[in-house]
Amino acid sequence: MSIHIDNKIIHNRLFLGTALYPNLTVMEEAISVSNTQVVTVSLRRQLTHNTNKNTFWETITKTNCHVLPNTAGCHSAKEAIMTAKVARDLFETNWIKLEVIGDELTLQPDCFELVKACEQLLRDNFIVFPYCTDDLIVCQHLVSLGCRILMPWAAPIGSGKGLLNPYGLKLLRLRFPECVLIIDAGIGTPSHAAAAMELGFDGVLLNTAVALADDPVKMALAFSHAVTAGRLAYEAGRMPERDFAHASTPLFDKPLVLE
């Protein structure tokens, strides 16, 4: 069930964000029950908006999770590269979730700036987790640069709409069998996460679906189970889909009917 990223073994395929929770206690409990090993942190937003910065960092440190800093809030390759370098110094990690936003309404990534930033960060020995759409050509460009991780969205960030283009996502899995593919953004329910995992994705990263649930801790646990179930189903291999009914109990001989 584990995946290998940068010589690190990740046993739990659910990655969690750290924003929007009612308070730090709830966030910490949600992370704990989910058994996640990777949490994302938005450096720009935490430094700008968090009035209890020290408490926040202390809480994150207590989780003992791998920290995946992200460049959320960046709108150009230049901004994202600069943020990534600050994050590497602060968190002492070369992992970076690369976000370069091109549209404020949909928070869709600017694929041109994303590719440009990814190229530079790979040269600077970062392990880049690029947030992208399900566009096959953009993903081909990222892989050609040397990126071995792709993070396509299921739907716009925070929308909770689930897998809007299952065909496109399935195609990415078929075309990039050697890449680590992690769904990032748009997941709203555990069933969405399970469906993504059943397509063969290596993991699911989400935040809003847990943080804004009525009971974030219980929802984190539900997502953890869903991701595990979806992965097991993918590895087991589903039954063939049929257009007509097929009896589950074959009749080798019909019983004698006496009138």
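First, a word on scope: everything that follows refers to the structure included in this document. The shown structure was predicted, so the numbers you read here are calculated from the model rather than taken from an experiment. (Residues numbered from 1 in each chain as written. Predicted model: local features only at pLDDT ≥ 70, side-chain atom pairs only at ≥ 80, totals over all residues. Heavy atoms only, no water.)

### Things to note about the nonpolar core
Within the largest apolar cluster, 63 residues are counted, with the highest numbers of intra-cluster contacts made by Leu98, Leu142, Ile187, Val204 and Leu206. Here Leu206 is in contact with Leu14, Phe15, Leu16, Gly17, Ile187 and Phe223, once residues within four sequence places are set aside. Core analysis: the next-biggest nonpolar cluster, separate from the first, contains 13 residues, Ile10, Phe15, Phe129 and Leu205 among them. (Core = buried A, V, L, I, M, F, W, Y, C linked by side-chain atoms within 4.5 Å. Buried < 20%, exposed > 50% of the residue type's maximum accessible area, 1.4 Å probe, protein only. Contact = heavy atoms within 4.5 Å.)

### Here we look at the side chain of Lys97
Along the chain, Lys97 falls in strand S6 (residues 95-98). Side chain to side chain, Lys97 and Asp184 meet in a polar contact 3.1 Å long. Ignoring any residue separated from it by four or fewer positions in sequence, one finds Lys97 in contact with Thr40, Leu68, Pro69, Asn70, Thr71, Phe129, Tyr131, Met151, Asp184 and Leu205. (Helix = DSSP H or I, 4+ residues; strand = E, 2+ residues; numbered from the N terminus. Polar contact = N/O pair within 3.5 Å; in protein donor to acceptor, adjacent residues only side chain to side chain.)

### A closer look at helix H4 (residues 77-91)
Here H4 contains 15 residues, and its C-alpha end-to-end distance of 21 Å stays within 8% of the 21 Å for a straight helix at 1.5 Å per residue. Every buried residue of H4 is listed here: Ala77, Ala80, Ile81, Thr83, Ala84, Ala87 and Phe91. Buried residues along H4 cover an arc of 165° about the axis, so they all sit on one side. Of the residues in H4, the exposed ones pointing more than 90 degrees away from the buried face are Lys78, Met82 and Asp89. One or two residues past the end of H4 sits Glu92, with phi positive at roughly 55°. (Expected span 1.5 Å × (residues − 1). Arc of directions from axis to C-beta.)

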